Amino acid sequence: MSDVRVEKTVCLFCPPGCGIDVHIKDNVPIKVESNLDSVVGPICIKGEVIPEWYQTEAKNRLLHPLLKVDGRWKQISWEQALDTMVAKFTAIKEKYGPQAVATYIGQVADLHDLSYIVRRFNMGFGSPSLYSVHQTCWWGKGTAHAMTYGLYSSPTLIGSKCCIIWAANPIGSVPFAADFMTVSKTQGTKWITIDPRRTFFAKASDIHLQLRPGTDGALALGMLNVIINEKLYDEKFVEKWVLGFDKLAERCEQYTPEKVEEITWVPADKIRAAARLYATTKPASIFQGNCLDNVENGFYASRGIQALVALTGNADARGGATLMPIFTFSKIADKLVPEEAVLKPKDDPWPLLMEYSGIPAGAAMNEIILTEKPYPIKALVIQRGNPVLSWADTNKVKKALDKLEFVVVMDYFMTETAELADLVLPATTFLEQQMLYNYVGRPMVVLIKPVLEPPGECWPDWKLWFELGKRLNCNQYMPWKTIEDCQAEIAGMAPVNAKLEDLKAHPEGYFYAKRAWKRWETDPNWRFNTPSGKVELYSERLKELGFDPLPGFFEVSESPVKNPELTKKYPLILITGLRSLYFLHAMHRSTPSLRARDQEPMVEINIETARNLNIESGDFVIVETPKGRVQMKAAVTSDIHKNVVSVPHCWAGMANQNLLTNDDLHDPLWGGLSMRALACRVRKAFPGQASPFTVAT
Amino acid sequence: VKKIPREELGQNIGAAVADWDKEKLVFLVNEGLEAGITSMEITNEILLPILQKACREIDAHDITFPELVLLADTIKAALDLLIPKIRASLSEGKARGTIVIGTVKGDIHDLGKNLVAAVFESGGFRVTDLGRNVSVDDFIKAAKKEKADIIAASTLMTPTLITMEELMKEVKARKLKLKTIIGGWATSPEFARKIGADAWADDALEGLFILDQLMKELRRV
């Protein structure tokens, strides 16, 4: 028996990364509380149940490497596992070239140092094939902000007098932000919610714009039309700092509120009211979720949203948006190495994503595997990811995995993806390994230390690459003896520029820069990080690349306007990816306290639509798109638009949303996947089709 | 005077609170008052039980914090109307004790504190609300001026915990004959013990219950 010790670290049961105090007895976490020194938090229920997760769900963890032999799993040693990998990778490299060995990192690769390590490994191995989940979230915003400011525009909620909650439900995705926003609401902050669902925020909002999915870009242009015509914009800021105002004004002329009503289904008067409230209340912020990153025209919608931010003088304003550098570990991995070591995949269809994130688009990987063009990919290592559930078009993902000669999955559990692998490796959790973690929306990093001994033969993710680097003799760009050496190298570079000791002294998070606002007013040398030094509502660069240089709007491929024929067969509009407070993506489904609060996947259907389809709450229904079908119970509600159907996020089996989604239709600019604004139809499942065995577990 | 059955009033008020509909809630409360139901009855028998249920639900994670915040903010609109009436009905001598309450310096949030102040008043205490962002000095001055039995301090933000600690030190150093109670999102029973506060409460209703105990202890001294 030992005493209870309390360790300060960070909860990574979801990406916001709240500071936590973990109470540990005999290497078992027994209690988790918010770390009061951290600016991120308080924790939500997911953080509180970390001990329960260890006592329940984690009992099924992988503890040893497993090799598939004649379709059966056989326990092997790490030594054997590494030997197997070395033999396979060497053979594939010799036969097809180094790029045929690829890696896919799940869960926010740009936020942790793993992407830095793997990229350096790949440089030594000679493969540009490092992929990640970037196309599923955030980078639509990221690239749009980069094109507009050369910086990321993060909403600053403190001091905000008006907040647009645009395609977001922070109760499920960033719980502590929702807490803060609601407290501000009671102190008079105005809310405008833009969502086809009547969320908590929509219900409590001063104005709710219930729009047609996939028309956010048009809505932004409609609001801009009102703001420009009624001269509600910040003239001084626009004159000095905005490039392309006149061209944008000309573009917006055609997007009158009446015209936008036709496109978006939002009444013109409401568009006017929202535009006026947002433009005349200062400072005002826009909290944009990740939804638009999964819509074909999301980049342009995000550009339109930033035009609203910039024209109203809220760019780089406290209570508006804080501008900060876009920094990813994968990108800075290209520093400190000779230029020729930096590799890029051939014929990348979306080079902008690679340019800003340092990681190319994963959809291209699937395409390369399936077509073997421009070269074959034959082996794949998947770490921290479960693409069978989380990537669009599950059948395509499975087909691609099936085509590979050798698949390695490193994870905590035998996931749906791991089941399809040839070799499965046991991984440590965020409480069991040392990791450098980067925050979105604040200039802060944290050095997460291991506070628990890992069980069985679980390895930290980085160790795999250190070992493979040695054995494959390709660690020339990994000049580190220990993981600390590597982390010290990263921390020593811009923008962090710190010693590892500094980071260690701040387990709650280390701020590497001070947040500052309105630098365009105070700093005589200020320029935005764009070619012109201004906020580029009109971008020459976009024009050169052959894209629309202005914020714009086009109908998505499966919209009722673009494809009325398809709409005859699939009359409803599908949105997927609804986040739950109780789960992160495909995780946490077997933790009793969490599952009890979100027991089974249910598809949300409007009460009127359900009546017409003879569907009642609790009935099993089938949702179909041209890509596939899912089966789950119906949740009949008046809280969703009558032409919209919402399928929840990342359930397994017959409830897997990604049986419906699309990896053939992409945002042309950065490759975002089509997981929302798709055509679908719903019908009641026939008796016998609805067996309880088809429900996800 | 229109007769409204109390049960129906309770149900209607419950629905208005669930819809965060302040206007409707205030209308219903006025309707109840006109029908002869006292402000104390509406507060203690209808509004506080709704709040109590919500506090139980947040502890069990059956509702989220934002839902609790909007619910409490809605109820506050009714209490703003009812508390002056309760205050008027209690003569000075009859008050069960005197409290000065505030959110400590550095914290600009006061929703929770406002609600706590209202609940304490509805429980028959004389409450002086110092508002938000209150310095240690102001707490002490007000406590002396009002001859307070209890100082109640709250904070939502962790960086302000230090102010709370200073307040407790100052109360001890000046040997003030009063009791202290703390609460708020950033605090915990452990923290209260650590800084030497006499009590910690999880929510307004628990706080009201603890006030009675603190008053008893004071009298014993």
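Look above for the structure.
Residues numbered from 1 in each chain as written. Chains lettered and ligands numbered in written order. Predicted model: local features only at pLDDT ≥ 70, side-chain atom pairs only at ≥ 80, totals over all residues. Heavy atoms only, no water.

Let us look at the layout of surface pockets. There is about 330 Å³ of room inside the second largest pocket. Counting only elements with at least two residues in the lining of the second largest pocket, the list comes to α7 (175-186) and α8 (200-204) of chain A together with α2 (22-34) and α4 (65-89) of chain B. The greatest single-element share of the lining of the second largest pocket, amounting to 3 residues, is contributed by α4(B). In the lining of the second largest pocket, the residues fall into 3 nonpolar, 5 polar and 9 charged. (1 Å grid on protein atoms, 1.4 Å probe; cavity = no way out; pocket = protein on both sides within 12 Å on 5 of 7 lines; lining within 4 Å. Points joined across faces, edges and corners; volume = space filled by probe spheres on them. Helix = DSSP H or I, 4+ residues; strand = E, 2+ residues; numbered from the N terminus. Nonpolar A, V, L, I, M, F, W, Y, C, P; charged D, E, K, R; others polar.)

We now examine the interface of chain A and chain B. In this complex, chain A contributes 22 residues to the contact, which on the side of chain B involves 22 residues. Both faces considered, chain A and chain B share a buried interface measuring about 1,700 Å² in area, 67% of it formed by carbon and sulfur atoms. Per-residue buried area on chain A facing chain B is highest for Leu36(A), Val183(A) and Thr186(A); these three make up 30% of the total on that side. At the junction of chain A with chain B, the criterion picks out 1 salt bridge. Close ionic contact of Arg597(A) with Asp62(B) constitutes a salt bridge, the shortest N to O distance being 3.9 Å. Remark: the boundary between chain A and chain B carries 3 residue pairs in polar contact (both at pLDDT 80 or more). Ranked by the residues each element gives to the side of chain A that touches chain B, the list is headed by α7(A), at 7 residues. Looking at the side of chain A that touches chain B residue by residue, the classes come out as 11 nonpolar, 4 polar and 7 charged. (Contact = heavy atoms within 4.5 Å. Buried area = accessible area lost by both parts, 1.4 Å probe. Salt bridge = Lys/Arg side-chain N within 4 Å of Asp/Glu carboxyl O. Polar contact = N/O pair within 3.5 Å; in protein donor to acceptor, adjacent residues only side chain to side chain.)

Phi is mostly negative for residues that are not glycine, and the peptide bonds are mostly trans. All names here are of chain A. Going from Lys282 to Pro283, the amide bond is cis rather than trans, its omega being -10°. Mapped onto the elements, Pro283 comes out in the loop between α13 (268-280) and β13 (284-288). The phi torsion at Glu372 lies on the positive side, around 60°, for a residue other than glycine. Assignment of secondary structure puts Glu372 in the loop between α17 (362-371) and β15 (379-383). Here the phi dihedral of His585 falls at roughly 45°; this positive angle occurs in a residue that is not glycine.

Here we come to the sheet that holds strand β2 (residues 19-25) of chain A. Residue and element names in this part refer to chain A. Strands sit in the order β1-β2-β3 across an open sheet of 3 strands; the sheet is antiparallel. Only two strands of the sheet have a single neighbouring strand rather than two, namely β1 (5-10) and β3 (28-34). Strand after strand, the sheet turns through a mean of 30° between neighbouring axes, direction not considered. Summarising the sheet, β1 and β2 pair through 6 bridges and their orientation is antiparallel. By the bridge assignment, Val6 is partnered in β2 with His23. (Pairing = 2+ DSSP bridges. Axes fitted to C-alpha atoms, helices over the stretch in contact; angles between N-to-C directions.)

Turning our attention to the pattern of salt bridges. Residues and elements named next belong to chain A. Applying the stated criterion across every chain, the model contains 49 salt bridges over all chains. For Lys396, the salt bridge goes to Glu367, with nearest N and O atoms at 2.7 Å. Of this pair, Lys396 sits in helix α19 (residues 394-403) while Glu367 sits in helix α17, and the two are 29 residues apart along the sequence. The exposure class of Lys396 is buried, given its relative accessible area of 9%. Glu367 gets classed as partly exposed once you look at its relative accessible area, which sits at 36%. We note a salt bridge from Lys627 to Asp393, for which the minimum N-O separation is 3.2 Å. With Lys627 in the loop between β24 (620-624) and β25 (629-637) and Asp393 in the loop between α18 (387-390) and α19, this residue pair connects regions lying 234 residues apart in the sequence. When its relative accessible area of 28% is taken as the criterion, Lys627 is described as partly exposed. Salt bridges here are not isolated pairs; linked through shared partners, they connect Glu79, Asp83, Glu467, Lys470 and Arg471. (Buried < 20%, exposed > 50% of the residue type's maximum accessible area, 1.4 Å probe, protein only.)

Let us now look at the state of the cysteines. As used here, a disulfide is simply a covalent bond connecting the sulfur atoms of two cysteines. Residue and element names in this part refer to chain A. Considering all chains together, one arrives at 0 disulfides over all chains under this definition. No disulfide involves Cys11; its sulfur sits 6.3 Å from the nearest other cysteine sulfur, which is in Cys14. Its relative accessible area of 7% is what places Cys11 among the buried residues. Of all cysteine sulfurs, the one in Cys137 lies closest to Cys291, which takes part in no disulfide; the gap is 11 Å. (Disulfide = S-S within 2.5 Å.)

This part covers the sheet that holds strand β3 (residues 150-154) of chain B. All names here are of chain B. Across the sheet, which stays open at both edges, the 5 strands sit in the order β2-β1-β3-β4-β5 with parallel pairing between neighbours. Where the open sheet ends on each side, the last strands, each with one partner, are β2 (126-129) and β5 (199-200). In the packing of helix α6 (residues 136-145) onto the sheet, contacts are made with β1 (98-103) and β3, and the angle to β1 comes to roughly 165°. Here helix α9 (residues 204-220) sits on the sheet and contacts β1, β3, β4 (179-183) and β5; the angle it forms with β4, its principal contact strand, is near 165°.

Take empty space enclosed by the protein next. All names here are of chain A. Inspection of every chain in the model, using the stated rule, returns 5 cavities of 30 Å³ or more. Size it by volume and the largest cavity reaches roughly 100 Å³. As for the largest cavity, its lining consists of Cys11, Cys14, Pro16, Gly17, Cys18, Pro42, Ile43, Cys44, Lys46, Gly47, Pro175 and Phe176. Here the lining of the largest cavity is composed, by residue class, of 9 nonpolar, 2 polar and 1 charged. Here the second largest cavity defines a volume of roughly 70 Å³. Lining the second largest cavity, in full, are Tyr104, Met365, Asn366, Ile369, Leu380, Ile382, Pro387, Trp391, Val397, Ala400, Leu401 and Leu404. Contributions of two or more residues to the lining of the second largest cavity are made by α17, β15 and α19.

It is worth spelling out helix α12 (residues 257-264) of chain A at this point. Note on helix geometry: an α-helix contains 3.6 residues per turn, so any two residues three or four positions apart are oriented the same way. All names here are of chain A. Listed as buried for α12 are Pro257, Val260, Ile263 and Thr264. Taken down its axis, α12 places every buried residue within 115° of arc, on the same side. Along its buried surface, α12 packs onto α9 (216-229) and α13. (Arc of directions from axis to C-beta.)

Positionally, Ser646(A) belongs in strand β26 (residues 644-648). Dropping the residues within four chain positions of it, Ser646(A) is found in contact with Arg197(A), Ile575(A), Leu578(A), Met602(A), Val603(A), Glu604(A) and Ile640(A).

So, to be careful, I would describe these as geometric facts and stop short of saying anything about function.
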